[in-house]
Amino acid sequence: MLSLSLKPLTPFTSIKPKPSNPPKCCISERGLSFDIGDTFFRYESATGRDLGVLAAAIYKKSHNALRVLDAMCGCGIRSLRYLAEADADFVMANDANEEYGSVIMGNLERVGKRSEENKRWVVTHSDANRVLTECYLRRDYFDFIDIDSFGSDSSFLRSAMGAVKLDGLLYVTSTDGYTSGGHRPQHSLAAYGAYVRPMPYSNEIGLRMLIGGAVREASVLGYHVIPLFSYYSYHGPVFRVMLRVMRGKLPNNSHYSFISYCIRCGNSHTISWDKLSQIGCSCNANVPGSLVVSGPLWTGPLHSAPFLTEMLDLAEQWGWAGNDTGKQLEKLMKQMIDESDPELPFGYIKLDEVASRAKLNSPPLGTILSTLHKEGYAASRSHIASNAIKTNCPMADCVRIVKELQQCSANENEKYQQVVEA
Ligand SMILES: C[S@@+](CC[C@H](N)C(=O)[O-])C[C@H]1O[C@@H](n2cnc3c(N)ncnc32)[C@H](O)[C@@H]1O
């Protein structure tokens, strides 16, 4: 059972771990062995952990310092990886559940027992908000804060923003897919300040809602955030965003605005704050209920291509591409880099939607992408949905392309048939 300690933070040395069963098993991730015991652990989150470790290591290289707060550490695998792989100078591994203490400590001891000489890590058991607020109050700021919560992490955003160093990194998570689907607009409004309605690219909305919520919390403190990468995984589902927290106001206000989707024509638009009173679609559909509007949320880039390129280079340097998991990670980062093309708008178009508007079967995704490129449109895959494309091509032209491709293949089939019959 989860026990939330409201005692002052206790240093690791004075924690008396409750006797627990021997570790259930010793497993390994990226060649590092660790125990999970009876803690919460998900194998499927390995990609999210890989991305976090790469980002932390890049931060360490550029700042020559890395103090990490792993606010909800479970068995401590992230803390262990930040120490062993990202070469963190110090990690505070916190989990509210005191019963995880011995497993976390056992895992962190793999990088060296804690002693008077070795104070590279500490284990605490407290509510994450309390830990973050106490760090802020004693001006003990961290370079990198990882908040791996269940559900929505919006209640930790403000305290995390106070405890992270300026120019530091905040790695936040949400597993709330229901809200991003637009099924609880009052909830998204309360949690992230965004009134979210059902839209065809709801999983991207989930990432944008999370970043938008962080933009809002940062602005309260006179800061702004820039997403370095945004990662959606259908295992959960999980929305993860790596944010750089910077001093001052958001340089580009148009990156925090509203979006509309027109059910009639299938096009989406961003709506700036000053145009809210003139909402409408370019197709001039005045059919009541045809326009769905969500926001305010993050409408700027989901990733920083230069930062992801550094991560990709580092993964290659570390030899991660040598196995299947590494290859998948490489493919993911390359897709994210493609998605960072500034010509590409927010959202994605599912090929099913294009096919249904064209009343035809959809041609292969690669064929549509190359046709869009030939016609001069920006287009890429989306790491979020394997059957979708990101493109600045209007829906009507996507439909035309699908029809033309279908016609082409019908003509070719006919010619082939004639050759066979002759
Ligand atoms: C998703 S799991 C963490 C998994 C871990 N980061 C990993 O990668 O394996 C969330 C953890 O947060 C802990 N937790 C839940 N609520 C908490 C709170 N308010 N403060 C601190 N820890 C909390 C749970 O005990 C659980 O271990």
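Right above here is the structure, for reference.
Presented here is an overview of the structure given in this document. (Residues numbered from 1 in each chain as written. Predicted model: local features only at pLDDT ≥ 70, side-chain atom pairs only at ≥ 80, totals over all residues. Heavy atoms only, no water.)

## Considerations on the pattern of salt bridges
As enumerated under the stated definition, the model contains 30 salt bridges in all. Note that Asp-167 and Arg-244 form a salt bridge whose closest N and O atoms lie 3.7 Å from each other. Taken together, the residues span a long stretch of sequence, with Asp-167 in strand β7 (residues 164–174) and Arg-244 in strand β9 (residues 238–247) at a distance of 77 residues. Residue Lys-390 pairs with Glu-204 through a salt bridge whose shortest N-O separation is 2.8 Å. (Salt bridge = Lys/Arg side-chain N within 4 Å of Asp/Glu carboxyl O. Helix = DSSP H or I, 4+ residues; strand = E, 2+ residues; numbered from the N terminus.)

## A short note on the side chain of Lys-390
Within the secondary structure layout, Lys-390 lies in strand β15 (residues 388–391). Judged by relative accessible area, which is 3%, Lys-390 ranks as buried. A polar contact of 2.9 Å, which involves the side chain of Lys-390, links it to the backbone oxygen of Gly-347. Residues contacting Lys-390, with those up to four places away along its chain left out, are Glu-204, Glu-339, Leu-344, Pro-345, Phe-346, Gly-347, Tyr-348, Ala-378, Ala-379, Ser-380, Arg-381 and Ser-382. (Buried < 20%, exposed > 50% of the residue type's maximum accessible area, 1.4 Å probe, protein only. Polar contact = N/O pair within 3.5 Å; in protein donor to acceptor, adjacent residues only side chain to side chain. Contact = heavy atoms within 4.5 Å.)

## Side note on helix α7 (residues 185–192)
When α7 is considered as a whole, its buried residues turn out to be Pro-185, Ser-188, Ala-191 and Tyr-192. For α7, the angular spread of the buried residues around the axis is 135 degrees, confining them to a single face. The outward face of α7, more than 90 degrees from its buried face, is lined by the exposed residues Gln-186 and Ala-190. In this structure, the buried residues of α7 make contact with α5 (154–163), β7, α6 (177–180) and α8 (202–220). Of the residues flanking the end of α7, it is Gly-193, one or two places downstream, whose phi is positive at about 75 degrees. (Arc of directions from axis to C-beta.)

## Describing the sheet that holds strand β4 (residues 90–94)
Pairing is mixed across the open sheet formed by 7 strands, whose spatial order is β5-β4-β3-β6-β7-β9-β8. Strands at the two margins of the open sheet, each flanked by one partner only, are β5 (121–124) and β8 (223–233). Pairwise comparison of adjacent strand axes, ignoring direction, gives a mean angle of 15 degrees for this sheet. Summarising the sheet, strand β6 (residues 142–147) and β7 pair through 5 bridges and their orientation is parallel. Directly across from Phe-142, in β7, lies its bridge partner Val-164. (Pairing = 2+ DSSP bridges. Axes fitted to C-alpha atoms, helices over the stretch in contact; angles between N-to-C directions.)

## What about the site of the ligand?
Taken together, 20 residues are adjacent to the ligand, and Arg-78, Asp-95, Asp-127, Ala-128 and Asp-148 come closest. Separating an oxygen atom of the ligand from a side-chain N or O atom of Arg-78 is a distance of 2.8 Å. Protein contacts shield 92% of the accessible area of the ligand, which totals 600 Å² for the unbound molecule. Residue composition of the shell around the ligand, grouped by class: 11 nonpolar, 4 polar and 5 charged. (Near = heavy atom within 4 Å. Areas by Shrake-Rupley, 256 points an atom, 1.4 Å probe, with all protein chains shown as cover. Nonpolar A, V, L, I, M, F, W, Y, C, P; charged D, E, K, R; others polar.)

## Let's talk about helix α12 (residues 365–374)
The complete set of buried residues in α12 reads Leu-365, Ile-368, Leu-369, Thr-371 and Leu-372. An end-on view of α12 places all buried positions within 165 degrees of arc, on one side of the element. A positive backbone phi angle near 90 degrees is found at Gly-376, which sits one or two residues after α12.

## A look at the nonpolar core
Grouped together as the largest cluster of nonpolar side chains are 54 residues, with contacts concentrated most on Leu-69, Ile-145, Met-161, Leu-170, Tyr-201, Val-225 and Leu-243. Top contributing element to this core by residue count: α8, with 8 residues. Each of domain 1 (12–298) and domain 2 (348–422) accounts for three or more of the residues forming this core. By size, the runner-up hydrophobic cluster in this structure holds 50 residues, among which are Leu-83, Val-123, Leu-308 and Leu-332. (Core = buried A, V, L, I, M, F, W, Y, C linked by side-chain atoms within 4.5 Å. Domains from an automatic or database assignment.)

## Observations regarding the environment of Val-402
Note that Val-402 resides in helix α13 (residues 395–421). When the C-alpha atoms of Val-402 and Thr-367 are compared, they prove to be 9.5 Å apart, with 35 residues separating the residues in sequence. Contact partners of Val-402, with chain neighbours within four places excluded, come to Val-354, Ala-358, Leu-360, Asn-361, Pro-363 and Ile-368.

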